[in-house]
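# Descriptive structure summary
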Amino acid sequence: MFFGAPAKPIPEVLADALGQVVAQVDGICEAYISQTFIEGDSEARQVLVVGVEKKEKIPEIMNDLMGKMKLLLRIISVRRSRDEEKQNYDQGQ
């Protein structure tokens with residue numbers, strides 16, 4: 001597994017939203033969006049890497065983080081759907 005700076009960073013608005021989500025989770029001391037390449041995979045991916053204050057709290061931290069991430073991903077999905085609908089509408093005129 002290799003980590004590095006993303007070649008094409010995610011949009012700033014999404015990075016900011018992720019930062020806000022991470023900031024709401026107690027026990028996370030640092031977080032990075034890293035480009036990660038896993039040997040055998042076809043492409044590198046951007047992943048959220050978090051550092052925690054106490055390893056014993058990882059299950060609790062991850063549960064809290066995942067709950068907040070699911071909400072963020074739903075919001076992003078709805079916005080993308082709206083953007084696609086608008087784009088299709090605009091192309092039809």
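Attention in this report is confined to the structure presented alongside it. (Residues numbered from 1 in each chain as written. Predicted model: local features only at pLDDT ≥ 70, side-chain atom pairs only at ≥ 80, totals over all residues. Heavy atoms only, no water.)

### Section: the nonpolar core
Side chains of a nonpolar character, in soluble globular proteins, are inclined to be buried together. Among the nonpolar cores identified, the biggest contains 10 residues, and these are Leu18, Val21, Val22, Val25, Ile28, Ile61, Leu65, Met69, Leu72 and Ile76. Mapped by element, the contributors of at least two residues to this core are α1 (12-23) and α2 (58-92). Residues in contact with valine 21, not counting those within four places in the same chain, are Leu65, Lys68, Met69 and Leu72. (Core = buried A, V, L, I, M, F, W, Y, C linked by side-chain atoms within 4.5 Å. Buried < 20%, exposed > 50% of the residue type's maximum accessible area, 1.4 Å probe, protein only. Helix = DSSP H or I, 4+ residues; strand = E, 2+ residues; numbered from the N terminus. Contact = heavy atoms within 4.5 Å.)

### Overview of the sheet that holds strand β2 (residues 28-37)
The 3 strands are arranged β1-β2-β3 in an open sheet whose pairing can be described as antiparallel. Bordering the open sheet on either side are β1 (2-4) and β3 (45-52), each of which pairs with just one other strand. For this sheet, the mean inter-axis angle between neighbouring strands, taken without regard to orientation, is 50 degrees. Direction of pairing for β1 relative to β2: antiparallel, over a ladder of 3 bridges. The residue bridging phenylalanine 2 from the neighbouring strand is phenylalanine 37, located in β2. (Pairing = 2+ DSSP bridges. Axes fitted to C-alpha atoms, helices over the stretch in contact; angles between N-to-C directions.)

### Concerning the layout of surface pockets
Of the pockets and cavities examined, the largest pocket occupies roughly 430 Å³. If you go around the largest pocket, you meet 15 residues; those closest to its centre are Leu14, Ala17, Leu72, Ile76 and Arg79. Counting residues per element, the lining of the largest pocket draws most heavily on α2, which supplies 8 residues. Classifying every residue of the lining of the largest pocket gives 9 nonpolar, 2 polar and 4 charged. The volume enclosed by the second largest pocket comes to roughly 220 Å³. Lining of the second largest pocket is provided by 13 residues; of these, Ile10, Leu14, Leu18, Gln46 and Leu73 occupy positions nearest its centre. Only α1, β3 and α2 provide two or more residues apiece to the lining of the second largest pocket. (1 Å grid on protein atoms, 1.4 Å probe; cavity = no way out; pocket = protein on both sides within 12 Å on 5 of 7 lines; lining within 4 Å. Points joined across faces, edges and corners; volume = space filled by probe spheres on them. Nonpolar A, V, L, I, M, F, W, Y, C, P; charged D, E, K, R; others polar.)

### Some words on the side chain of serine 34
Position of serine 34 among the secondary structure elements: in strand β2. Here glycine 4 takes part through its backbone oxygen, which lies 3.3 Å from a polar atom of the side chain of serine 34. Apart from residues lying up to four places away in sequence, serine 34 is in contact with Phe3, Gly4, Pro6, Arg45, Gln46, Val47 and Val49. (Polar contact = N/O pair within 3.5 Å; in protein donor to acceptor, adjacent residues only side chain to side chain.)

### Notes on the side chain of threonine 36
Note on placement: threonine 36 falls in strand β2. Overall, the relative accessible area of 6% leaves threonine 36 in the buried class. Beyond its immediate chain neighbours, meaning those up to four positions away, threonine 36 contacts Met1, Phe2, Phe3, Ala44, Arg45 and Val47.

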